[in-house]
Amino acid sequence: MIDLAIVGLGRWGRVLVDSVQGQSERVRFTKAATRTPANAEGYAAAKGLALVQDLDALLADPTVDGIVLATPHSQHAAQVIQAAAAKKPVFCEKPFTLTRESAAAAVAAATEAGIVLAVGHNRRFLPAVQRMHALIAEGAIGKLLHVEGNMSGHVGQRYKAGMWRVDPSES
């Protein structure tokens, strides 16, 4: 069994935990760190997660086999670099980072440390994306110069003033 720790127990962090906890025979979440522990205590207890102080505590814990990041986008690069220094594999939610430079630094740290670094993007399994990938692979489209995609949904209505997702520096 692979024991994972998650950083960030907001809405999406909970979706990630719920998708694994009790559903997999290979992985489980055992620990979590969040910036507002009081908001997560009941959820963590119900899911069997031990709440710890921060990412540093998770990285120092030899029982944690890997780190999952469901944190604000601006924190991803530094967190991946920290995890790489601790030799902990990382699954990072999208967007990976906010700049090409920070992404390159995070990838370089993971490569140098020899850890697995994976970036989550659930849209890649949508039928339209799968079809586009097949058309590109077949050469049916020709030389690809630019791709732009748009997706709309109702989730924006969930965001309230003060939440990190409405901060322009995180977008």
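Since we're looking at a predicted model, the values are computed, not measured.

Enquirer: What is the right way to look at the packing of helix 1 (residues 11-20) against helix 2 (residues 37-47) in this model?
Expert: The relative placement of two packed helices is expressed as an angle between their axes plus a distance between the axes. Close contact between helix 1 and helix 2 brings their axes to 12 Å; oriented N to C, the two are set at 5 degrees. On the basis of their axis angle, the class for helix 1 and helix 2 is roughly parallel. Contacts between helix 1 and helix 2 involve Arg 14, Val 17 and Asp 18 from the former and Asn 39, Ala 40, Tyr 43 and Lys 47 from the latter. Among the residues forming the contact of helix 1 with helix 2, the class breakdown is three nonpolar, one polar and three charged.

Enquirer: Quick question: what am I supposed to make of the pattern of salt bridges here?
Expert: Any two side chains of opposite charge can pair, on the condition that their charged atoms come close. Under the defined criterion, the tally for this structure stands at three salt bridges. Taking the shortest distance from any N to any O, the salt bridge between Lys 47 and Asp 18 comes out at 3.1 Å. Pair noted here: Lys 47 is in helix 2 and Asp 18 is in helix 1, with a separation of 29 residues, a long-range link. The exposure class of Lys 47 is partly exposed, given its relative accessible area of 27%. A relative accessible area of 36% means that Asp 18 is categorised as partly exposed. Notably, a salt bridge pairs Asp 61 with Lys 31, separated by 2.5 Å at the nearest N-O pair. Note that Asp 61 is positioned in the loop between helix 3 (55-60) and strand 4 (66-69) and Lys 31 in strand 2 (residues 27-33), a separation of 30 residues in sequence.

Enquirer: Can you walk me through the packing of helix 4 (residues 76-85) against helix 5 (residues 100-113) in this structure?
Expert: Closest axis-to-axis distance for the helix 4/helix 5 pair is 9 Å, and the angle between their directions is 10 degrees. Relative to helix 5, the element helix 4 is oriented roughly parallel. Contact residues: helix 4 offers Ala 77, Val 80, Ile 81 and Ala 84, while helix 5 offers Ser 102, Ala 105, Ala 106, Ala 109, Ala 110 and Ala 113. Partitioning the contact of helix 4 with helix 5 into residue classes produces nine nonpolar, one polar and no charged.

Enquirer: Would you mind showing me how to read helix 6 (residues 127-138) here?
Expert: Every α-helical turn comprises 3.6 residues, leaving residues that sit three or four positions apart pointing alike. The end-to-end C-alpha distance of helix 6 is 16 Å, a good match for the 16 Å that 12 residues give at a rise of 1.5 Å each. Two residues or fewer past helix 6, Gly 139 is found with a positive phi of approximately 80 degrees.

Enquirer: What should I look at first to understand a nonpolar patch on the surface in this one?
Expert: Nonpolar side chains collect at one region of the surface, where Met 132, Ile 136, Ile 141, Leu 144 and Val 147 lie side by side and expose about 400 Å² of accessible area between them. On the secondary structure map, Leu 144 appears in the segment after helix 6.

About the thresholds
- Residues numbered from 1 in each chain as written.
- Predicted model: local features only at pLDDT ≥ 70, side-chain atom pairs only at ≥ 80, totals over all residues.
- Heavy atoms only, no water.
- Axes fitted to C-alpha atoms, helices over the stretch in contact; angles between N-to-C directions.
- Helix = DSSP H or I, 4+ residues; strand = E, 2+ residues; numbered from the N terminus.
- Parallel < 35°, antiparallel > 145°, perpendicular 65-115°, else oblique.
- Contact = heavy atoms within 4.5 Å.
- Nonpolar A, V, L, I, M, F, W, Y, C, P; charged D, E, K, R; others polar.
- Salt bridge = Lys/Arg side-chain N within 4 Å of Asp/Glu carboxyl O.
- Buried < 20%, exposed > 50% of the residue type's maximum accessible area, 1.4 Å probe, protein only.
- Expected span 1.5 Å × (residues − 1).
- Patch = residues over 30% accessible without salt bridge, like charges linked within 9 Å, V, L, I, M, F, W, Y side chains within 5 Å.
- Areas by Shrake-Rupley, 256 points an atom, 1.4 Å probe, with all protein chains shown as cover.

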